[in-house]
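Residues per chain are reported as follows:
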Amino acid sequence: MAKKKKTAKAAAAPAAPAEPVSAAPAVRRVSERYARPLFILTIVTGSFLLFLTQPMIARMALPRVGGSPSVWNSAMLVYQFLLLAGYAYAHGVSYLRPRLQAGIHLAFLGLAALTLPIGLTAAFPPSEGELAFWVPWFLISSIGLLFFIVSAQAPLMQRWYALETSRGDPYPLYAASNLGSFAGLIAYPLLVEPLMGLNEQRWLWTGLYAFLVLLVAACALTVPARAVEEVPEETAPPPTRRRILHWIALAAVPSGLMLSTTTHLTTDIAAGPMLWVLPLGLYLLSFVIAFAHRRGPANLVTMLAPLVILIAGGLVFSPGAGNPLYLVSLGLLLLFAIAVALHGELFRLRPAVGHLTHFYLAMSFGGMVGGLFCAIVAPLVFDWAYEHPLLILAAAFLVPQTALVPWPKAYAFTLALALPTAAALLSYAIYLMQHQGYAPQWTMAGSILISLIALACLGRRWCFAATLAALMLSYGGWDQIDTSLEGNRTRSYFGIYEVQDLHDPETGEPYRILTHGTTVHGKQNLTPGSERVPTTYYARLSGVGLVLDNAEALFGAQPRIGVVGLGSGTLACYAAGHPNRKWLFFEIDRAMEDVALRRFDFVRLCRPTPLVPDRLIEFGDARLSIDRMAPASLDVLAVDAFSSDSVPMHLLTAEALRGYGRALQPNGIVLFHTSNRYLQLEPVIAELAAREGWAARLMVYQPAPGEERQNATLSVWIAMSRNPATIEAMTTMNDRMLAELEARTGIDRSRWQAVERQPGFSGWTDDHASILPIINFRQLLRFGGP
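Calculation notes
- Residues numbered from 1 in each chain as written.
- Predicted model: local features only at pLDDT ≥ 70, side-chain atom pairs only at ≥ 80, totals over all residues.
- Heavy atoms only, no water.
- 1 Å grid on protein atoms, 1.4 Å probe; cavity = no way out; pocket = protein on both sides within 12 Å on 5 of 7 lines; lining within 4 Å.
- Points joined across faces, edges and corners; volume = space filled by probe spheres on them.
- Helix = DSSP H or I, 4+ residues; strand = E, 2+ residues; numbered from the N terminus.
- Salt bridge = Lys/Arg side-chain N within 4 Å of Asp/Glu carboxyl O.
- Buried < 20%, exposed > 50% of the residue type's maximum accessible area, 1.4 Å probe, protein only.
- Phe/Tyr/Trp six-rings, centres within 6.5 Å; stacked < 30°, edge-to-face > 60°.
- Lys NZ or Arg CZ within 6 Å of the ring centre and 35° of its normal.
- Pairing = 2+ DSSP bridges.
- Axes fitted to C-alpha atoms, helices over the stretch in contact; angles between N-to-C directions.
- Core = buried A, V, L, I, M, F, W, Y, C linked by side-chain atoms within 4.5 Å.
- Contact = heavy atoms within 4.5 Å.
- Polar contact = N/O pair within 3.5 Å; in protein donor to acceptor, adjacent residues only side chain to side chain.
- Disulfide = S-S within 2.5 Å.
- Parallel < 35°, antiparallel > 145°, perpendicular 65-115°, else oblique.
- Left-handed = near helix turned anticlockwise from the far one by under 90°.

J.: Mind showing me how you'd approach empty space enclosed by the protein here?
T.: One way to see where empty space is left: roll a probe the size of a water molecule over the atoms. The full count for this structure, using the stated rule, is six cavities of 30 Å³ or more. Here the second largest cavity is characterised by a volume of approximately 370 Å³. Looking at the second largest cavity, it is lined by 31 residues, and the ones nearest its centre are F51, L83, Y87, Y174 and N178. Listing elements by their share of the lining of the second largest cavity, those giving two or more residues are α2 (18-65), α3 (69-93), α5 (131-151), α6 (153-161), α7 (173-195), α9 (241-269), α10 (277-290) and α13 (356-381). With six residues, the top contributor of residues to the lining of the second largest cavity is α2.

J.: I'm lost on the pattern of salt bridges in this one. Help?
T.: Applying the stated criterion across every chain yields a total of 19 salt bridges. For R581, the salt bridge identified is with E552, shortest N-O distance 2.8 Å. Of this pair, R581 sits in the loop between β5 (560-564) and β6 (582-587) while E552 is found in helix α19 (residues 551-555), placing the two residues 29 residues apart along the sequence. Judged by its relative accessible area of 0%, R581 is buried. Residue R598 pairs with D594 through a salt bridge whose shortest N-O separation is 3.9 Å.

J.: How should the packing of aromatic side chains be read in this particular structure?
T.: Between two aromatic rings, the relevant description is the distance of the centres plus the angle of the planes. Throughout the structure, instances matching the rule amount to 32 aromatic pairs. Taken together, a centroid distance of 6.5 Å and an interplanar angle of 85° make the contact between F108 and F148 edge-to-face. Linking F108 in helix α4 (residues 98-113) with F148 in helix α5, this pair joins segments that are 40 residues apart in sequence. In this structure F148 comes out as buried when scored by relative accessible area, which is 17%. Ring plane angle 45° and centroid distance 4.5 Å describe the contact between F397 and W462, whose orientation is recorded as tilted. With F397 in helix α14 (residues 387-398) and W462 in helix α17 (residues 461-485), the pair connects residues that are 65 residues apart, well separated along the chain. Positioned above the aromatic ring of W407, the side-chain terminus of R460 is 4.1 Å from the ring centre. One cation-aromatic arrangement involves R590 over F619; the distance from NZ or CZ to the ring centre is 4.2 Å.

J.: I keep staring at the sheet that holds strand β1 (residues 489-492) and nothing clicks. Help me out?
T.: Hydrogen bonds between backbone atoms are what pair the strands of a sheet, whose relative direction is either parallel or antiparallel. Taken in spatial order, the four strands make up an open sheet running β1-β2-β3-β4, and their pairing is antiparallel. Each edge of the open sheet is held by one strand with a lone partner, namely β1 and β4 (519-525). Averaged over neighbouring strand pairs, the angle between their axes works out to 20° when direction is ignored. The pairing of strand β2 (residues 495-503) with strand β3 (residues 510-516) spans seven bridges and is antiparallel. Each bridged residue has a counterpart across the sheet, and for D501 the counterpart in β3 is R512.

J.: Where do I start with the nonpolar core in this structure?
T.: In summary, soluble globular proteins display a tendency toward joint burial of nonpolar side chains. The biggest cluster of nonpolar side chains holds 186 residues, and the ones touching the most others in it are W160, W205, Y209, F291 and L671. The residues touching Y209, leaving out its near neighbours within four places in the chain, are L49, L109, A112, A113, L116, L146, I149 and V150. Formed by 42 residues, the second largest nonpolar core is a distinct cluster that contains L657, V684, A696 and I774.

J.: Would you mind showing me how to read the side chain of E682 here?
T.: Summarising the element assignment, E682 is placed in helix α24 (residues 682-692). Accessibility expressed as a relative area gives 19% for E682, which makes it buried. A polar side-chain atom of E682 sits 3.0 Å from a polar atom in the side chain of T674.

J.: Whenever I open this one, the state of the cysteines confuses me. Can you help?
T.: The term disulfide refers to a covalent linkage connecting the sulfur atoms of a pair of cysteines. Considering all chains together, one arrives at two disulfides under this definition. The side chain of C457 participates in a disulfide bridge whose partner is C463; the two sulfur atoms lie 2.3 Å from each other. The pair formed by C457 and C463 is uniform in burial state, with each residue classed as buried. Between the sulfur atoms of C573 and its disulfide partner C606 the distance amounts to 1.9 Å. Of note, the bridge from C573 to C606 carries an S-S torsion of about 65° and is right-handed in sense.

J.: I'm lost on the environment of R581 in this one. Help?
T.: When the C-alpha positions of R581 and A551 are compared, they lie 8.5 Å apart, and in sequence the two are 30 residues distant. Excluding anything up to four places from it in sequence, R581 contacts L548, D549, A551, E552, P559, I561, Y574 and T609. In terms of polar contacts, R581 uses its side chain to reach the backbone carbonyl oxygen of Y574, at 2.6 Å.

J.: I tried to follow the packing of helix α16 (residues 440-457) against α17 on my own but got confused; where do I start?
T.: To characterise two packed helices, one gives the angle between the axes of the helices and the distance between these axes. Interaxial distance between α16 and α17 falls to 8 Å at its minimum, and their mutual angle equals 165°. Regarding the angle of α16 to α17, the classification is roughly antiparallel. Note on packing geometry: the crossing formed by α16 with α17 is left-handed. Mapping the contact onto sequence places M444, S447, I450, S451, I453, A454 and C457 in α16 and C463, F464, T467, A470, L471, S474 and Y475 in α17.

J.: What is the right way to look at the pairing of β4 in this model?
T.: Along any regular strand the residues' side chains alternate between the sheet's two faces. Within β4, six of the seven residues are buried, which leaves it mostly tucked inside the rest of the structure. Two elements, β3 and β4, share six bridges in a ladder whose sense is antiparallel. If you follow T515 over to β4, its bridge partner there is V520.

J.: Help me understand unusual backbone geometry, please; the structure alone is not making it clear to me.
T.: Both trends apply: most residues other than glycine have a negative phi, and most peptide bonds are in trans. Across the junction of L116 and P117, the peptide omega takes the value -5°, indicating a cis bond. Mapping P117 onto the fold places it in the loop between α4 and α5. A positive phi angle, near 50°, is found at R607, a position not held by glycine. In this structure R607 comes out as exposed when scored by relative accessible area, which is 67%. In this structure, D614 is a non-glycine residue whose phi angle is positive, near 65°.

The values reported here are purely geometric and, on their own, carry no functional implication.
Given below as structure tokens:
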């Protein structure tokens, strides 16, 4: 109606001079020619900044909160919450006059600029309390205002773009937004982190933010003159509550699945470096395809999604030890297919442009719900990553489906009950057959039959999802449930730990094992008389074993020993027979106290004497705890903290080493455990030693056959001291002992050796660190080996 009035006024106005009349349309055409590229550039820049922020802030926070998939999930939850707040703001201001919208938005951008350069608050985690709640508060207080205002770019710019109706559908611009997000995500680990320190990164972000403000101002100038003072009108009926709930569900499942896939892959399949990038990257790319103007790729993926869910989702409980690369690929394919299908359904159900911000608000709320479920609820409720199969089942119910097998109407209800029931009974029968020793081909035949039943259920959502659940259970699901019911698993904010009693397949000797996903973190021999034997990476002839066995010879009658990382408590057995040794363990995860003190017997049997009265374990991030110690409090410090298969980066920086040096006496030794499947950590330590002036030696321990039977495993340890004479004395002492052992057994033994520096590698500091130069890509690509 307003547009017609405007046209009538223009017709009644006096004729304008000839030259201006011809010039005005030309200017207008030039303006519109550049409008779409300008809006795309603005949206891409804002999204690029958002996803440059995520890994950058997580990297800054490492020294305070440590590194684990759960910390990353908490960070993602914070970003989703702030995204929701930004979308709510965009939705609210969209009801105002465009000129007022622009003024308010530019004012908020200016206010947020006062908090630049981007960084963290001075807060530190409490010694008591749940990190799952502290980490989100910490991140919101640090970057909340900046992230909030930048996150409003995508929906608000699309709304401004749509004010000129001749520009077409604004929704495909959301594809450009997620392309910018993907670019920011990939640019950080591949370009920004390797080439820049954190301080330089902060100023890069500041410069891009200033550029974004200019782009937003330019976009505001493209708003048509006729619309500048008009209040936007809703020309279509508002979405129903049912439709809004449907939007929320379609957004929540892919969001949650992205986080659950990260947890599932990095703990239960393969703890490869930067593996968290892949699920988030595919999640963002799914929006690019689902919201694209060309519908062919999205329609194809949507059509195939139920089959992908059936094949890849059915194997969700399968362990990663068999073929991790295959299972990782299936997991990522599953996430991508579900995300494209459900986001494509969101695009299909999008409302008229007048309700654009309402749509994005519901979508972001769904994203936050999925994040909340995986980052907060699941670790508190489940002892395994059960959120992952549950989200896959939800996706099986939500994805568009076409029936492959027609059902007679008269028997439809009966079949809808009978087929899932038959699949469930068959699944349990397969479980019983597996434990009764039936040939694998029989159980495989049963699983194939369940898959055929699921295909017959396609197009009937409840039936398909229920049959898929039966298929999941047949491929290891019942075993996972058994483990949970037996109480052998512990889940905390930092990981999922499993303790099992097993027997060696060759000798039949019993042992107890602690695993975090696919990574072994401790074994205890259960054969009477061998319970106190140090095992795995901590065997007597390993680097740490050689130093601790000679602690009195090196440091006097009462050596003081600190250990970063409690694990199963294996190192405590170097206290057996040595009551004068004083011990202090540093542990970030309180769940490990139950594991080490109640499920394993090393600490109970070996009775280490606490360094601090009545406190054997110091809880909290080890680096912060060590910084609080009095100078020269320790003689030996063993750094053995792992997050699945990766050492938290902040424990291996120059600043961390200076903290260790302060806590050690001048002749003290720090030992770094660098055994790792995918990262070559030796160059990191070598560079630390060279830059900080420490003497260093490396020991690669390869157990002899008899030691392997005692559950000793390959390990790599590096010993460092500020006093070269200490390292020399240690080396001479150990060489003499090893030579005597070789003479008695005839088995060659490894010796302490020099640590090789990697040419061109500059080491790690709190300001600058990148794992790219030290990734063992050959090992990573096959996801296997020790």
